[in-house]
Amino acid sequence: MNSAAIPLPPVFHTVDEMYPLEGEDLKEIQSRYTNLTQQFEKIYGSAPAYFARAPGRVNLIGEHVDYSGYGVLPMALDRQDTIMAVRVVEGNVQEDTINLHNVSDRFPTRALTASSSIDVAHDWSRYVLAAYRGLEQAKDLVGDDGRGGEEKQTPPQTINILTHGTVPIGSGLSSSSALVCASSLALAQANKQRLSKTQMADLACKAERFIGMESGGMDQAISFLGEKGKAKRIDFDPLRASDVMIPEGGVEANKYATLGSGYNMRVVECRLAAVLLGKALGIEDWVQIRRLIDVQKLHKPQPSLEDLAGFVKQHLHEEAYSLNELAELTGFDVDRVRKDYLGRIVVEDVNQKVFHLCQRSLHVYTESKRVEDFQAICQTKAASAEEASSQLEVLGKLMNESHFSCRDLFACSCSELDQLTALCREAGAVGSRLTGAGWGGWTISLVPTHKVDAFCTKVKETFPELLVTKPGTGAAVYVPIAH
Ligand code: NG1
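Treat the numbers as computed from the prediction; the structure is a model and nothing was measured.

Criteria and thresholds
Residues numbered from 1 in each chain as written. Predicted model: local features only at pLDDT ≥ 70, side-chain atom pairs only at ≥ 80, totals over all residues. Heavy atoms only, no water. Helix = DSSP H or I, 4+ residues; strand = E, 2+ residues; numbered from the N terminus. Rg over C-alpha atoms; globule rule 2.2 N^0.38 Å. Buried < 20%, exposed > 50% of the residue type's maximum accessible area, 1.4 Å probe, protein only. Contact = heavy atoms within 4.5 Å. Areas by Shrake-Rupley, 256 points an atom, 1.4 Å probe, with all protein chains shown as cover. Pairing = 2+ DSSP bridges. Domains from an automatic or database assignment. Buried area = accessible area lost by both parts, 1.4 Å probe. Salt bridge = Lys/Arg side-chain N within 4 Å of Asp/Glu carboxyl O. Disulfide = S-S within 2.5 Å. Near = heavy atom within 4 Å. Polar contact = N/O pair within 3.5 Å; in protein donor to acceptor, adjacent residues only side chain to side chain. Nonpolar A, V, L, I, M, F, W, Y, C, P; charged D, E, K, R; others polar. 1 Å grid on protein atoms, 1.4 Å probe; cavity = no way out; pocket = protein on both sides within 12 Å on 5 of 7 lines; lining within 4 Å. Points joined across faces, edges and corners; volume = space filled by probe spheres on them. Expected span 1.5 Å × (residues − 1). Phe/Tyr/Trp six-rings, centres within 6.5 Å; stacked < 30°, edge-to-face > 60°.

S.K.: Tell me about the overall build of the protein chain, and please be specific about residues and values.
M.R.: Each helix and strand counted, the protein chain has 14 helices and 15 strands in total. Relative to the compact-globule value of 23 Å for 483 residues, the protein chain shows a C-alpha radius of gyration of 23 Å, a close match. By principal-axis analysis of the C-alpha atoms, the protein chain measures approximately 70 × 55 × 40 Å. Here the protein chain, with 483 residues, has 56% of them falling under the buried criterion. Sequence-distant contacts in the protein chain: of pairs separated by 6 or more residues, those separated by 24 or more amount to 73%. Surface accessibility of the protein chain: about 20400 Å² in total, with carbon and sulfur atoms responsible for 50%.

S.K.: Explain the pairing of strand β6 (residues 157-165) to me, and be specific about the residues and the numbers.
M.R.: Judged by how many residues are buried, β6 sits mostly within the fold: 8 of 9 residues are covered. Both strand β4 (residues 97-102) and β6 contribute to a ladder of 6 bridges, which runs parallel. Directly across from N102, in β6, lies its bridge partner T163.

S.K.: With reference to specific residues and values, describe the domain arrangement of the protein chain.
M.R.: In terms of domain boundaries, the protein chain breaks down into domain 1 (11-139 + 157-247 + 471-478) and domain 2 (264-359). For domain 1 and domain 2, the distance between their C-alpha centroids amounts to 34 Å. Across the contact, 9 residues belong to domain 1 and 13 residues belong to domain 2. Of the roughly 960 Å² buried between domain 1 and domain 2 on both sides combined, carbon and sulfur atoms contribute 52%. When residues of domain 1 are sorted by the area they lose upon contact with domain 2, Y67, Y70 and E214 head the list and together hold 57% of the total. Note that R291 is salt-bridged to D237, the shortest N-O span being 2.4 Å.

S.K.: Provide a residue-level description of the state of the cysteines, including the pertinent values.
M.R.: By the definition in use, this model includes 0 disulfides. Looking at the unpaired C181, the closest cysteine sulfur is the one in C205, lying at 9.2 Å. Cysteine C414 remains unbridged, with the sulfur of C412 as its closest cysteine sulfur at 9.6 Å. Residue classification places C414 among the buried residues on the basis of a relative accessible area of 12%.

S.K.: I'd love a proper account of the side chain of S174, names of residues and values included.
M.R.: Within the secondary structure, S174 is located in the loop between β6 and α3 (175-191). With residues near it in sequence (within four places) discarded, S174 still touches G56, R57, V167 and D219.

S.K.: Mind laying out the pairing of β4, listing which residues take part and the relevant values?
M.R.: Among the 6 residues in β4, 5 count as buried, and that is most of the element. Examined bridge by bridge, β4 and strand β5 (residues 110-113) share 4 bridges and lie antiparallel to one another. Following the sheet pairing, I98 is matched in β5 by L112.

S.K.: Account for the site of the ligand, naming residues and giving values.
M.R.: As a matter of local geometry, the ligand sits amid 19 residues, with E63, H64, D66, D219 and Y263 nearest to it. E63 places a polar side-chain atom, nitrogen or oxygen, 2.6 Å from an oxygen atom of the ligand. A distance of 2.6 Å is found between an oxygen atom of the ligand and a side-chain nitrogen or oxygen belonging to D66. With the chains in place, 94% of the 430 Å² that the ligand exposes on its own is no longer accessible. No other element matches the 3 residues that helix α5 (residues 218-225) contributes to the shell around the ligand. Considered class by class, the residues forming the shell around the ligand number 5 nonpolar, 9 polar and 5 charged.

S.K.: Any chance you could break down the pattern of salt bridges for me, citing the residues and the numbers?
M.R.: If you walk through the whole model with that rule in mind, you get 25 salt bridges. The residue R57 makes a salt bridge to D219 at a minimum N-O spacing of 2.8 Å. A residue pair is termed long-range when its members are at least 10 positions apart, and R57 in strand β2 (residues 50-61) and D219 in helix α5 qualify at 162 residues. Each member of the pair, R57 as well as D219, is classed as buried.

S.K.: Account for the sheet that holds strand β1 (residues 11-12), with residues named and values stated.
M.R.: Spatially, 7 strands are ordered β1-β15-β2-β3-β6-β4-β5 in an open sheet, and the strand pairing comes out mixed. Here the strands that pair on one side only, and so sit at the sheet edges, are β1 and β5. Sheet topology places β1 next to strand β15 (residues 476-478); 2 bridges connect them, and they run parallel. Of the residues in β15, the one forming a bridge with F12 is Y478.

S.K.: Can you explain the layout of surface pockets? Please cite residues and give values.
M.R.: As a volume, the second largest pocket reaches approximately 470 Å³. Forming the walls of the second largest pocket are 22 residues, and the residues nearest its centre are R209, S215, G216, D237 and R291. Sorting elements by how many residues they give to the lining of the second largest pocket places helix α4 (residues 197-210) first, with 5 residues. Here the lining of the second largest pocket gathers at least three residues from each of two domains, domain 1 (11-139 + 157-247 + 471-478) and domain 2 (264-359).

S.K.: How would you sum up helix α12 (residues 385-408)? Please name residues and give values.
M.R.: Taking 1.5 Å per residue, 24 residues should reach 34 Å; α12 reaches 35 Å between its end C-alpha atoms and fits that length. Those residues of α12 that are buried are in contact with β2, α11 (357-379), α13 (415-426), β12 (431-435) and β13 (440-447).

S.K.: Help me get a handle on the packing of aromatic side chains, residues and values and all.
M.R.: As enumerated under the stated definition, the model contains 10 aromatic pairs in all. Judged by centre distance (6.3 Å) and plane angle (70°), the ring pair of Y19 and Y33 falls under edge-to-face. One end of the pair, Y19, is in the loop between β1 and α1 (23-44); the other, Y33, is in helix α1, with 14 residues separating them in the sequence. Here the aromatic rings of F332 and Y341 are separated by 6.4 Å at their centres, their planes lie at 25°, and the arrangement is stacked. Of the two residues, F332 and Y341, neither departs from the other in class, the shared state being buried. One aromatic cluster is present, built from ring pairs that chain together Y19, Y33, F51 and Y478.

Here it is in structure tokens:
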């Protein structure tokens, strides 16, 4: 791979370079670092040597399509991130030891070692351990710049960490990925591992799978590849990003609440839909199919996304599929279906489950088409203010359609998110949709710039938690200049 095209995560020496902020907003961020330094000194007796930070994200469009192989269109949040203050102490330990503190007492202090178990239910330290394991697996990886790849050189060391996160938790803004990405970066720096942004994003995505989330990869990718002022179209296999500039308009995110999630079940439904569709379309290698994009890649001639939506309607029925029917259609026994396609990821009540394959795959193909349309509009330069405004209207329409598809086909909305998006549209948004996994969480709205103030006032009356964000920079290391 070409090293010039795939840089390493940047190392900065001032806080200002890492945030697209000014004035009071920037001062607030700077004081976060000052406070973290002071607290770190109190806990560990010396100042942190460096900081690793990784942002949360908001997804503009392209929901629940990443794990089917399709592109998404997110942006990094400008200031909501996870920061880790770090100092490495060499020697005196048999194996790597990570001392882990958090500014918030919601997250208890932990001491981890290289051999700690990752299976501690719901403990925040699992995410750090997952990042550690991810890096261990990557220790022989040659960096995209052709360097690295030698056995890890560092002897066992103690890594002291103090963490502060401001990404709202469990909300669809990807706080877990911000933690995994910041941990990966903090630990890679400690191990002197030189990996590119895309290698780090891949590694962080795999790391989340260690803790049972069949992550599609969007969140880790934007957390590393985000850039100031730019939304990104992220594609997978291989992971790559291109810039997307949104025509004049504000992007607002509103919180509703956090509910449970059926994420892994959706991963399985999309996988099963791909298999049945591949078989129904006569694709020779249908047994190998795992993602809906594989059907598009393997079918000859290559179908468009609209063709694929047509195939779904033609070949998959609207009624839910049972495990027995799936066994019958694939010609495998129930155990094999369970083992090959459900794997470890849907464990509870598997025999009771039904699978909505037609609706889920229809969502994925139509949503992926919306991502393409959204990007195409953003790439067309408007010749006049009127044209820019009508472009914004079309983008808004695509976002609304995305929400309705998430609600009706993918069943990942909830009544409160439906109400909130309706309220946002009434309050002046040209488009409003749930963002992230759904089943609660946040909505994102596109609002013409001149309507932003009125929009915020109106929406805050009912839903006070409102977050106004610009596209922010991706994960970075900050090494303060010694005084
Ligand atoms: P959140 O909202 O962070 O749970 C999840 C996945 C994404 C993507 C979206 C839905 C993880 C860490 N994140 O996001 O990859 O599939 O749902 O578009 O698995």
